[in-house]
Amino acid sequence: DVKVTQSSRYLVKRTGEKVFLECVQDMDHENMFWYRQDPGLGLRLIYFSYDVKMKEKGDIPEGYSVSREKKERFSLILESASTNQTSMYLCASRPYDLKLYEQYFGPGTRLTVT
Amino acid sequence: AQKVTQAQTEISVVEKEDVTLDCVYETRDTTYYLFWYKQPPSGELVFLIRRNSFDEQNEISGRYSWNFQKSTSSFNFTITASQVVDSAVYFCALSASGANSKLTFGKGITLSVRP
């Protein structure tokens, strides 16, 4: 079974803190993604990576950065957390070949910034 | 640009009713993939189906069925004889076919099935 794990299910941070959200997949997938999910807005792509050390901006990258030093790990960084970054964050991964594989999601991290 | 529209935001039905969740998409690609995901209250997205743009056959899996119509750019999802366990948020998504393509999601439909 493919497994995508995220470091925390729930996280509470203070405004201005640097926040790291970690995502690890165990299936040697090339592509990894970070989304945020807000009520009424669905899932919005923050960043994605199609290889180690490669990254591309998604639809809402402002206020975030990412790191992919190893193939299995993709980190989302909030350089200075703000209250409008309170959200559910979902990590996903998949191989290159969309013909054969879907995107697999982690359980999510519900981040609250106070 | 790609776009997925799920016009229904919330649907409430009584158990055993049939319910259809609508999905309309926009893309300029000739080859693309469509998906449905389910997000139960636990939060983790569960893959339900993938359909490529060249396969317009409808699909049935138990109580679930999908109707793909390229002519109307729609990929609708029907649950027959709904059950309380079907209560979840359902997302339709679209992707181009390239190796580095990303999924574009609709805003989701919250389905509540009452006993």
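Residues numbered from 1 in each chain as written. Chains lettered and ligands numbered in written order. Predicted model: local features only at pLDDT ≥ 70, side-chain atom pairs only at ≥ 80, totals over all residues. Heavy atoms only, no water.

Draft legend 1. Structural context of the overall build of chain B. The helix and strand inventory of chain B stands at 0 helices and 12 strands. In summary, chain B has a C-alpha radius of gyration of 14 Å against a globular reference of 13 Å for 115 residues, a match within 12%. The buried share of chain B, taken over its 115 residues, is 44%. Look at the contacts in chain B between residues 6 or more apart in sequence, and 56% of them connect residues 24 or more apart. (Helix = DSSP H or I, 4+ residues; strand = E, 2+ residues; numbered from the N terminus. Rg over C-alpha atoms; globule rule 2.2 N^0.38 Å. Buried < 20%, exposed > 50% of the residue type's maximum accessible area, 1.4 Å probe, protein only. Contact = heavy atoms within 4.5 Å.)

Draft legend 2. Here's a closer look at the sheet that holds strand β8 (residues 73-78) of chain A. All names here are of chain A. If you walk across this open sheet you meet the 4 strands as β1-β3-β8-β7, and the pairing is antiparallel. Every interior strand has two partners, whereas the edge strands, β1 (4-6) and β7 (64-70), have only one. The sheet shows a mean angle of 20° between the axes of neighbouring strands, taken without regard to direction. Two elements, β1 and strand β3 (residues 19-25), share 3 bridges in a ladder whose sense is antiparallel. (Pairing = 2+ DSSP bridges. Axes fitted to C-alpha atoms, helices over the stretch in contact; angles between N-to-C directions.)

Draft legend 3. Structural view of the side chain of A:S75. Mapped onto the fold, A:S75 is located in strand β8. Polar contacts involving the side chain of A:S75 include one to the side chain of A:E22, which spans 2.5 Å. (Polar contact = N/O pair within 3.5 Å; in protein donor to acceptor, adjacent residues only side chain to side chain.)

Draft legend 4. Here's a closer look at the nonpolar core. Residue and element names in this part refer to chain B. The biggest cluster of nonpolar side chains holds 25 residues, and the ones touching the most others in it are L21, W36, W66, F77, Y90 and L111. Listed by contribution, the elements that provide at least two residues to this core are β2 (10-14), β3 (19-21), β5 (32-39), β6 (46-52), β8 (64-69), β9 (74-79), β10 (88-96) and β12 (109-114). Counting residues per element, this core draws most heavily on β10, which supplies 4 residues. Not counting chain neighbours up to four residues away, the residues in contact with L21 comprise Q8, I11, W36, N76, F77, Y90 and I109. (Core = buried A, V, L, I, M, F, W, Y, C linked by side-chain atoms within 4.5 Å.)

Draft legend 5. Up close: the interface of chain B and chain A. The partner chain A presents 25 residues to the 22 residues of chain B that form the contact. For the pair chain B and chain A, the two sides together bury roughly 1900 Å², of which 54% comes from carbon and sulfur. Contact with chain A buries area across many residues of chain B, yet B:R50, B:N100 and B:K102 alone supply 26% of it, more than any other trio. A:E102 is the partner of B:R50 in a salt bridge, and the nearest nitrogen-oxygen pair spans 3.6 Å. Seen at the junction of chain B and chain A, the total is 4 residue pairs in polar contact (both at pLDDT 80 or more). Of all the secondary-structure elements, those providing two or more residues to the side of chain B that touches chain A are β5, β6 and β10 of chain B. In terms of residues, the side of chain B that touches chain A owes the most to one element, β5(B), which gives 4 residues. In terms of residue class, the side of chain B that touches chain A is built from 10 nonpolar, 8 polar and 4 charged. (Buried area = accessible area lost by both parts, 1.4 Å probe. Salt bridge = Lys/Arg side-chain N within 4 Å of Asp/Glu carboxyl O. Nonpolar A, V, L, I, M, F, W, Y, C, P; charged D, E, K, R; others polar.)

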